[in-house]
Structures are given as C-alpha cells and as structure tokens.
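Each chain, letter by letter, is given below.
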Amino acid sequence: MYKNILVINTMHIGDLMLVTPALRTLRTNYPEAHIALLTDKPLGDLVRCNENLDECILIDKHGKDKGLLALVRFIRKIRARHFDLVINFHRNERASAIAAFSGGKRIVGYSQPGFKRFFDKVMPNRAMADTPPELVKHQVLCHLDVLKEAVGVKTIDDRGLEMMLPPEEEAKAAALWQQEFAPKAKVVAFNIGASWQTKRWLDSYFAACADRFIREGYDVAFMGGPTDVPLVEKCRAQMEEQEHVHVFTGKVSLTVLAGLLRRCSLFLTTDSGPMHVGVAMNVPIVTMFGASPVPTFYPYDGKDVLIKTPEPCHPCGIHECPRKGQDNMACMKNIPVDTVMKYAEELLAAHDGAPAYEWPPHPGDYKCRVIEL
C-alpha cells in the first residue's frame, strides 16, 4: 500500500480540472495515504481545498523556479520528501524531469522520450494529437488508465470534474452576485476568449446571442481573464442591448469566477480552461469546437452540448488558421447563431433557467451531446 503519493500536473486550468477524477480514485483506493499534488503556482486556489488532497506543492515556473538551476533545486526538495509513488500526468520536459529524478520508489505516467528509462512504467497519453484515431480517448479516461494499468488501483471512483471552493472565495462570489444582480435574475455566462484564435467563435456571433438572451429576459455575464478584455470590449461594441450586461472579465480570481458560474443558468463558452471549470461547477454548457479534437477534450458532462462543423481540416490543432478568404476560420464561421441558440434554449427550458447549484447530479453520465452540422 502506498503511503506517500505525488501527482504531477503543471499545465493549464483545464488540464488541472481533468486530473480531479484521478485524485478522487486515488483517495478511494488509498484512504490513509498522504496525497500531494504538484501544480503551477497561479492555479493553486483551484485545488487547495480539494478534499482528496492532503497537500498542494506549487512550482513558480515563471518566477523563482524558472531556469535549469532553479529546477534542479526544486527537484532536490521533491527528493527530500521520499515519495513512494510518483504519477506524472503531463508529458512535457519539465514535468517528465521532475518525475524522473524525484527519487520516488515507483514512478509512472507520461514521459518525454529522454526520461523514459527513469520511469517504472510509461503510459501513452491517448488524448494527444499523435494518437491514431481508433485509439483516442478522453483525457480523463487516459488518466484513469494510468491508475489502472501502471498503479494497479482496483476501484475507479469517477464522479466527474470536481472543484471545492475556498470559503473566503465563495463568500466573495456571493457578495458580488448580490451586488450585481437582482434577487430573481437568471444569468447566462459568456466566455468568448481562448488561448488559440482557432478556438474562438466569432465575437459578432457572441454579440448576437447576448442580445437575444437579454430580450428573452436573461442577464448576461462576461467571464474570462485579463487577456480577454479587448475581445469582450469588441463584442459589446457590436451589441444592440446594453442593459442587463455584467462584465467580470479580468476583474475576479479563478475561484470567484467559479463561484459566479455555479449561480448561472447556462454557460456559452469556447473550448477553454473556464469551460472545464464550468463543468466542475455543474453549470449547463454549450460550446463550439474548432481546432480541438472532440473525443479528447469535450466537456465531461452528459447534459452539455458541443457543436462542430464537418470541415476536412478539423481538428487541426493549429493556433492560427492558415486558410484564406471565406475558408479562413470556416470551422467557426459555419456554426450559426440560430443553431447555438436552439440548443442553449433547450438546456434552459429543461430546468426553467434554474442556477447550476440546483441542477441534479447525474453520476456516470459524462459524455456530452455532440452536434455535427
């Protein structure tokens, strides 16, 4: 029985959310173990209250832990912890190196080729772009395969994506909600930004949806981080309705954003980190996929809806679309506003626009509905 376990995932918001079913499974199988998660410092609040963890170890990869010498010092600190199981859930050089030289008694998971010989068992990540189509799996299921095949867990305890909010952040979200919205307001959240241009639905389309929701009696709340501010401003400039619009973009922490989302009735979003936070908050989601492979990163919840077009280049995995003229960003241009509104209104009608925290749980139902146009 493992007594001291380290899980490594040092990447982005969505990647961290997709690890949470594996954390739950580890806790179920090793209830007495000390389970630590190593993640990027800015993401610590997303997991520091996770009930399946005993500790969060934060790496400041853009600050004091940046560079080779700093990484060596960081690895020395990990070695001093004498972990008897190390699981690497991210296949980049930094994470692979930390795992490989961690001093763990057993080291498993994903690895870059140069570090494989230091692992006891390396697993393929079937969510990566180089996976043959017939072998592709959702990222959550790939992580659970690591636990089954490399760790030897007997019970898979998958309760979907999970995020427990720090009490002080939940209190901030509650106060902000009371300040911004009328007592019986029904709110549709928008996340229009994404790390890649090819993941973004058109801002004019988002503007048209926002106008329609407001005319139907909903408030609209724009979410997102500081880099999304110009996108939101451009979107709002194209809207005809200006009342009942609330902009939280770049103004709140990730955890306060999560607290706001759990009070919303619907989340209209790109494929992005906030999308996966929304899944963890149980808010119904409608999302539009362009560059991303659907089978590996769809919103992990059966009530959600994903819309895609049959473009021959999908999924390209390219940050900027190389096609010219009318074909540029065709994967997004060809997802009509009317189609998105149709499925959004269906989800809202299913529970009369109730906030996410009132939606009933549906354990085991995690494959979203995919609409192929």
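Being a predicted model, the structure only gives us computed values, none of them experimental.

## So, the pairing of strand 12 (residues 305–308)
So, point 1. Residues V305 and I307 of strand 12 are buried on one face, and the alternating residues L306 and K308, pointing to the opposite face, are buried as well.
So, point 2. Where strand 11 (residues 285–288) and strand 12 come together, three bridges link them in parallel fashion. Of the residues in strand 12, the one forming a bridge with M288 is I307.
So, point 3. Alignment of strand 12 against strand 13 (residues 369–372), held across four bridges, turns out to be parallel. Across the sheet, the residue bridging to K308 is E372, located in strand 13.

## What about the side chain of T25?
So, point 1. One can find T25 in helix 2 (residues 20–29).
So, point 2. Among all residues touching T25, those that are not within four sequence positions of it are L144, L147, V153, T155, I156, D157 and D158.

## Here we look at helix 14 (residues 337–350)
So, point 1. Over its 14 residues, helix 14 extends 20 Å from the first C-alpha to the last, a length consistent with the 20 Å expected when each residue adds 1.5 Å.
So, point 2. Among the residues making up helix 14, those that are buried are V337, T339, V340, M341, Y343, A344, L347 and L348.
So, point 3. Considering only its buried residues, helix 14 is in contact with strand 7 (187–191), helix 8 (203–215), strand 10 (266–270), strand 11, strand 12 and strand 13.
So, point 4. D352 sits one or two positions beyond helix 14 and adopts a positive phi of about 55°.

## A closer look at the pairing of strand 8 (residues 219–222)
So, point 1. What you see with strand 8 is no split at all: D219 and A221 on one side and V220 and F222 on the other are buried throughout.
So, point 2. Taken together, the four bridges between strand 7 and strand 8 define a ladder with parallel strand orientation. Pairing of V188 across the sheet is with V220, part of strand 8.
So, point 3. As for the winding sense of the linkage, the β-α-β connection from strand 7 through helix 8 to strand 8 is right-handed.
So, point 4. Bridge count for strand 8 against strand 9 (residues 245–247) is three bridges, and the pairing is parallel.

## Details of the domain arrangement of the protein
So, point 1. Domains assigned within the protein are domain 1 (4–151) and domain 2 (167–372).
So, point 2. The distance between the C-alpha centroids of domain 1 and domain 2 comes to 29 Å.
So, point 3. Contact residues are listed per partner, giving 18 residues for domain 1 and 13 residues for domain 2.
So, point 4. Across the domain 1/domain 2 interface, buried area totals approximately 1300 Å², and carbon plus sulfur atoms make up 75% of it.
So, point 5. Between R48 and E168 there is a salt bridge, with its nearest N and O atoms 2.4 Å apart.
So, point 6. Between the two partners, domain 1 and domain 2, sit four residue pairs in polar contact (both at pLDDT 80 or more).
So, point 7. Broken down by secondary-structure element, the contributors of at least two residues to the side of domain 1 that touches domain 2 are helix 1 (13–17), helix 3 (44–47) and helix 6 (139–151).
So, point 8. Of the residues belonging to the side of domain 1 that touches domain 2, the class tally is 11 nonpolar, three polar and four charged.

## Regarding the pattern of salt bridges
Working definition: two side chains of opposite charge can pair if their charged atoms are close together.
So, point 1. Taken as a whole, this structure holds 25 salt bridges when the rule is applied.
So, point 2. Between D145 and K148 there is a salt bridge whose closest N-O contact spans 3.4 Å. With D145 and K148 both in helix 6 and three residues apart, the pair spans about one turn of that helix.
So, point 3. Among the residues examined, K148 registers a relative accessible area of 41% and is labelled partly exposed.
So, point 4. The partner of R159 in a salt bridge is D157, and the shortest N-O contact between them spans 3.0 Å.
So, point 5. We classify R159 as partly exposed; its relative accessible area is 48%.
So, point 6. Because the salt bridges share partners, they merge into one network encompassing R24, E51 and E162.

## Regarding unusual backbone geometry
So, point 1. With omega at -10°, the peptide bond leading from H314 into P315 counts as cis.
So, point 2. Following the sequence through the fold, P315 ends up in the loop between strand 12 and helix 13 (330–333).
So, point 3. At H244, a position not held by glycine, the phi torsion is positive, near 65°.
So, point 4. As for its position among the elements, H244 is in the loop between helix 9 (229–237) and strand 9.

## Description of the sheet that holds strand 13
So, point 1. Taken together, seven strands build an open sheet; the order of strands is 9-8-7-10-11-12-13 and the sheet is parallel. At either end of the open sheet lies a strand with only one pairing partner, and these are strand 9 and strand 13. Taken over all neighbouring pairs, the strand axes of this sheet differ in orientation by 20° on average, direction set aside.
So, point 2. The sheet contacts of helix 8 involve strand 7, strand 8, strand 9, strand 10 and strand 11, and relative to strand 7 the element is tilted by about 175°.

Scoring rules and cut-offs
Residues numbered from 1 in each chain as written. Predicted model: local features only at pLDDT ≥ 70, side-chain atom pairs only at ≥ 80, totals over all residues. Heavy atoms only, no water. Buried < 20%, exposed > 50% of the residue type's maximum accessible area, 1.4 Å probe, protein only. Helix = DSSP H or I, 4+ residues; strand = E, 2+ residues; numbered from the N terminus. Pairing = 2+ DSSP bridges. Contact = heavy atoms within 4.5 Å. Expected span 1.5 Å × (residues − 1). Right-handed = clockwise from strand over helix to strand, strands pointing away. Domains from an automatic or database assignment. Buried area = accessible area lost by both parts, 1.4 Å probe. Salt bridge = Lys/Arg side-chain N within 4 Å of Asp/Glu carboxyl O. Polar contact = N/O pair within 3.5 Å; in protein donor to acceptor, adjacent residues only side chain to side chain. Nonpolar A, V, L, I, M, F, W, Y, C, P; charged D, E, K, R; others polar. Axes fitted to C-alpha atoms, helices over the stretch in contact; angles between N-to-C directions.

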